[in-house]
Amino acid sequence: MARSLDLDELVEHWTLLDDERELIAGKRGPTRLGFALLLKFYTQVGRFPRGRGELPGQAVEFVARQVSVEPAALGLYEWTGRTIEYHRAQIRSHLGFRECSVADAEQLTQWLAATVCEAERRPELVRGELLGRCRAERIEPPATGRVDRIVRSALHQGEQALTTRLAARLPVDVAAWLRALVAVEVPDDNAGEESVLALIKSVPGNVSMESMLTEIRKLRATRAIGLPGDLFTDVAPRVLAGWRARAMVESPSHLRDHPDALLLALLAALLHTRLREITDTLVELLTSTVHRIGARADRKVTEELVNAFKRVTGKENLLFAIAEAALERPDDAVRKVVYPAVSGGEQTLRELVHEFKTKGPVYRRTVQTTLKASYSNHYRRGLIELLDVLEFRSNNATHRPVLDALDLIRRHADARITYYPAGESVPSHKGVLGDWTTLVYKDAGKAGRRVVRSVYEVCTFQALREQLRCKEIWVVGADKWRNPDQDLPHDFEAHRDAHYAALRKPLDPTAFIDQLREEMRAELTALDTGLPKLAWLEIADRGKNGAIKLTDLDAAPEPRNLRRLKNEVRTRWGTVPLIDMLKEAVLRTGCLAGVTGTAGRGDLAPEVLAERLLLTIYAYGTNTGIRAIAGNAVLGHSEDDIRYVRRRYLTAEVARTIATEIANATFAARAQTVWGAGSSAVASDSTHFGAFDQNIFTEWHSRYGGRGVLIYWHVERKSMAIHSQLISCTASEVAAMVEGAMRHGTTMEVEGNYVDSHGQSEVGFGITRLLGFDLLPRIKRINKVRLYRPAAGEPEMYPRLAPALSRPIRWDIIAEQYDQMIKYATAIRAGTASTEAILRRFTRANAIHPTYQAMIEVGRAQRTIFVARYLRNRDLQREINEGLNVVESWNRANSVIFFGKGGDIATNRRDEQELSVLCLRVLQAALVYVNTLMVQDILADDEWSAQLTDADRRGLTPLFWTHVAPYGEVKLDMSSRLALGNSQR
């Protein structure tokens, strides 16, 4: 279907040049117009149009005016026969192109196999490279079928060459081990019998000793194969990930059917990636287990003391009364003087002492003692065994004592001792200081001070956990917990100018600081000057209540016609099944065109594959499951058929691509007269989903009061989600916010991000400033926010803001660490590591990190700029509030669509959980897309368009579902379509 063109595109691509006018000089009527259109289309696309439908109407009219022929004359041009063949030959000769010969096709196939297909396995991208090569070589691209054959052949040859090269690198014994994993006697995955391969493929369980020991066994089994560490150094990460996914879904019997080189490559890729994944899992189990030991000890002691605990109120008054009575009668007995002075007498004093003991040092020591017992009696075995399989390192000598302590623990792991030997050197580190000192070190009489081994081990594991979480200590062979230096771009020094330019930041730190400082001055001056006129804002010294007092926004006018508009949608189209919404979006956007099998090929007919993909997406997106859909649907697709498509075709990457293409199609289809100009801001927020507890990703969430996971959404102003993430309940929402804004993959340019209080921090303000988009939070306790001064030595500046002002920004720290901050920002922009991995270093546990301190200072300056602007700009306050309301509405729609199993994710597999979330996003994106077209159809009627008020247009959203039926029998008919005014594909 030809797309619409604007005037600039018409002038640039469809204007006839002088030499082209000479070429058409001898032609007349329809022949003249048809030849001119063929010529301009070929010049632009590099091939001839396959029919009249590929020629945009505006282009036909534009060219027709230039050749002085009526546009309707094109209908008389013959698209087959000798005339058009002569025209094509004439155009090829003029432009220097030739038809693709057999020799050309072979050379193109070899070129693709050698230079493209070893690094790129997606057919649509290989096709693009092929067409680009044809254009560069002045070869007319062959027909579609022949292009497909060239692409398939190149992909096959590229994979064959790469796998053969990899197989040759494997030692003979390693290759034998790999073949043994899928030997004939090895049961298939669904046989119910465990094999080494099945163990390696299995997902981790919940945080427990059993899970830890299983993962250790899994790691040892994987390492026992002896895979060379540098085997995949020249293999593209995407290719490696594709092989890993392929090996995960294929059973041993299927793997045995592959050529030997491909079999070895698939299994080696699986083991290589699983080694890193299992190592990451073990680190996460370590940190979670150490946390659990402390949390359970704390809870156990609290439960034991809670019945006896009574909070004593008015302790200051009690102290005053006791002191006054004692001073008046210092020589009398305590029972006669002190007890009568206290309300409640002796009992109150006993409760006061008990409260001190249960909340003070005695309580803390009781918790520590209980923690030590829990560790020694249950968890020690697993944690000690972890030290045998994980290798910890640090790039900072400050943390060397913790690593030395781990070596000490390993050496004496099997010894039956209470204290470390007298001559042993016991490293001292932060973990053994403070409250723990009295338990770690004991006076052993003549033997002097001794170190209690069990307590020392507990303290060391706690210190290890804290340093792992901020990546000051890292793990060899891990991915998420790898050497933090590997997270940074390796080419930063060589391409410094390009990296600075990509972030739009000056090379000179002074220029960056001057700009930031001037923005602070401008915003603080504007707030100070305008404060007397801001009726909604007061800044005064209020002590503990904070200096800032901001009144709530007035209620916006109620939209009056939106309910009628939604009723009109239901009247015109009736109740539309959700599966039909999905089908319509897929057919109109063509988002399934690029879906191929995990194995890189598929043997299903396109129409059959499309139906089964739709059913799979619907089953996951509604959380009803494949079995319910297969049993309920009137389609003829069995449960096994749908599961096969899920396993071989529908990956998380495929679902993400489908959601992205629907979002892009929605942006392209929007009428500006209805929805207004496109927005460059998104709102982000998380929503809690209950999930099975038998995996390490599911965690307790204190705010929601249940176990589960979080889905973090990025939704733009007109209710289209551009990104979604599955994160744990304790993951950084600041990192999730940055990740979505930077790597959403849609055509939208994100320049601002609305967040609630959870999504903002000083580090968040700092990193978003460096990355070049605005953090726009709704700050919950804005009354206590402090504004920082742009410079020292200016105490008289901004007198009206004085109660809310704090110290000056420390610009010297920013100048010193500017280059390093840009390096971290570049790592996020370039994707050399996840945002969470980068920001993990910038936590309070690592407050002494100089780059963290500089990032905090940048964040304080940027937050001051934002808060000053926010306080004086009522429209900005309303804009942020409305943006966050949009994402809240999106979260409400989740419960309507994701209705199966009570809305809980009923699987303990991380990949299945992620796919459920992505399919939910696809369904909601399809709903918004179709609703957008429906609303535009209605508002195309003048009578409806004239009825909408400004309040109606402000509240107009395509996210509504009063006309949608998400439940009931699933009837998928690909031939029936919704009657929409927009052209169908």
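Now for a description of the structure that goes with this document. As the structure is a prediction and not an experimental result, all values here were calculated from the model.

1. Digging into the nonpolar core
Membership of the largest hydrophobic core comes to 168 residues, with the highest contact counts inside it found for Leu582, Trp713, Ile767, Phe866 and Met934. Ranked by residues supplied to this core, first place goes to helix H37 (residues 910–939) with 18 residues. If sequence neighbours within four positions are ignored, methionine 934 has contacts with Val569, Trp573, Val576, Met581, His963, Leu978 and Leu980. Of all hydrophobic cores here, the second largest spans 50 residues; its members include Met212, Leu213, Leu282 and Phe461.

2. Thoughts on the pattern of salt bridges
A complete count under the given rule lists 67 salt bridges for this structure. Linking lysine 480 and glutamate 284 is a salt bridge whose minimum nitrogen-to-oxygen distance equals 3.2 Å. Of the two residues, lysine 480 is situated in the loop between strand S6 (473–475) and helix H22 (496–502) and glutamate 284 in helix H14 (residues 260–306); the sequence distance between them amounts to 196 residues. Classification of glutamate 284 as partly exposed rests on a relative accessible area of 22%.

3. Details of helix H9 (residues 172–181)
For H9, the set of buried residues is Val174, Ala175, Leu178 and Leu181. One side of H9 holds all its buried residues, which, seen down the axis, span an arc of 110 degrees.

4. Side note on the state of the cysteines
A covalent bond between the sulfur atoms of two cysteines is what we call a disulfide. Per the stated rule, a full pass over the model turns up zero disulfides. Cysteine cysteine 134 is unpaired, with the sulfur of cysteine 100 as its nearest cysteine sulfur at 5.9 Å.

5. A look at the side chain of glutamine 66
You can see glutamine 66 is positioned in helix H4 (residues 57–67). For glutamine 66, the side chain forms a polar contact with the main-chain oxygen of tryptophan 14, separated by 2.9 Å. Of the polar contacts made by the side chain of glutamine 66, one reaches the backbone oxygen of phenylalanine 62; its length is 3.3 Å. Look past the residues within four positions of glutamine 66 in its chain and what remains in contact with it is Trp14, Thr15, Leu16 and Arg21.

6. Let's talk about the packing of aromatic side chains
Under the definition given, this model contains 14 aromatic pairs. Measuring from ring centre to ring centre gives 4.4 Å for tyrosine 42 and phenylalanine 48, while their planes differ by 50 degrees; the resulting arrangement is tilted. Under the relative-accessibility criterion, tyrosine 42 is labelled buried at 1%. Between tyrosine 77 and tryptophan 79 the ring centres are 5.6 Å apart and the planes differ by 85 degrees, which places this aromatic pair in the edge-to-face class. Classification of tyrosine 77 by relative accessible area gives buried; the value is 6%. Judged by relative accessible area, which is 23%, tryptophan 79 ranks as partly exposed. Among the aromatic side chains, those forming a connected cluster through ring pairs are Phe492, Tyr500, Phe512 and Tyr818. The side chain of lysine 27 reaches across the aromatic face of phenylalanine 35, ending 4.3 Å from its centre. The lysine or arginine in question, arginine 449, covers the ring of tyrosine 441, its NZ or CZ lying 3.9 Å from the ring centre.

7. Side note on a positive patch on the surface
The grouping of Lys544, Arg703, Lys780, Arg781 and Lys784 at the surface amounts to a positive patch. With respect to the helices and strands, arginine 781 occurs in the loop between strand S15 (774–777) and strand S16 (787–789). Overall, arginine 781 belongs to the exposed group, its relative accessible area being 53%.

Definitions and limits used
Here the residue index of a chain counts from 1 through its sequence in written order. Predicted model: local features are reported for residues with pLDDT of at least 70 only, side-chain atom pairs are reported and counted for 80 or more only, and whole-chain, interface and lining totals are derived from all residues. With hydrogens and water stripped out, all remaining heavy atoms of the structure feed into the side-chain values. Here, the term nonpolar core denotes a set of buried Ala, Val, Leu, Ile, Met, Phe, Trp, Tyr and Cys residues that are joined through side-chain atoms within 4.5 Å. Only protein chains enter the accessibility calculation, which uses a 1.4 Å probe; a residue whose area is less than 20% of its type maximum is buried, one above 50% is exposed, and one in between is partly exposed. Going along the chain from the N terminus, every DSSP run of H or I of four or more residues is numbered as a helix, and every run of E of two or more is numbered as a strand. Contacts are assigned to residue pairs that have any heavy atoms within 4.5 Å of one another. Salt bridges are defined as contacts in which a side-chain nitrogen from Lys or Arg sits within 4 Å of a carboxyl oxygen from Asp or Glu. The directions from the helix axis to the C-beta atoms form the arc being described. Whenever a pair of cysteine sulfur atoms sits within 2.5 Å, that pair is classed as a disulfide. N or O atoms closer than or at 3.5 Å make up a polar contact, with two conditions inside protein: a donor-capable atom paired with an acceptor-capable one, and, for residues adjacent in sequence, both atoms drawn from side chains. Only the six-membered ring of Trp is used, alongside the rings of Phe and Tyr, when aromatic pairs are assigned; centres must lie within 6.5 Å, and planes under 30 degrees apart are stacked while those over 60 apart are edge-to-face, with the rest tilted. We call a charge positioned above a ring when the Lys NZ or Arg CZ atom is no farther than 6 Å from the ring centre and deviates by at most 35 degrees from the ring normal. Patches draw on residues past 30% relative accessible area with no salt bridge. Two like charges within 9 Å are joined, as are two nonpolar side chains (Val, Leu, Ile, Met, Phe, Trp, Tyr) within 5 Å. In short, Shrake-Rupley with a 1.4 Å probe defines the accessible areas, and a residue's cover is counted only from the protein chains shown. Here Asp and Glu are counted as negative and Lys and Arg as positive; His is not counted, and neither are the chain ends. The location of each charge is read from NZ of Lys, CZ of Arg, CG of Asp or CD of Glu.

So, to be careful, I would describe these as geometric facts and stop short of saying anything about function.
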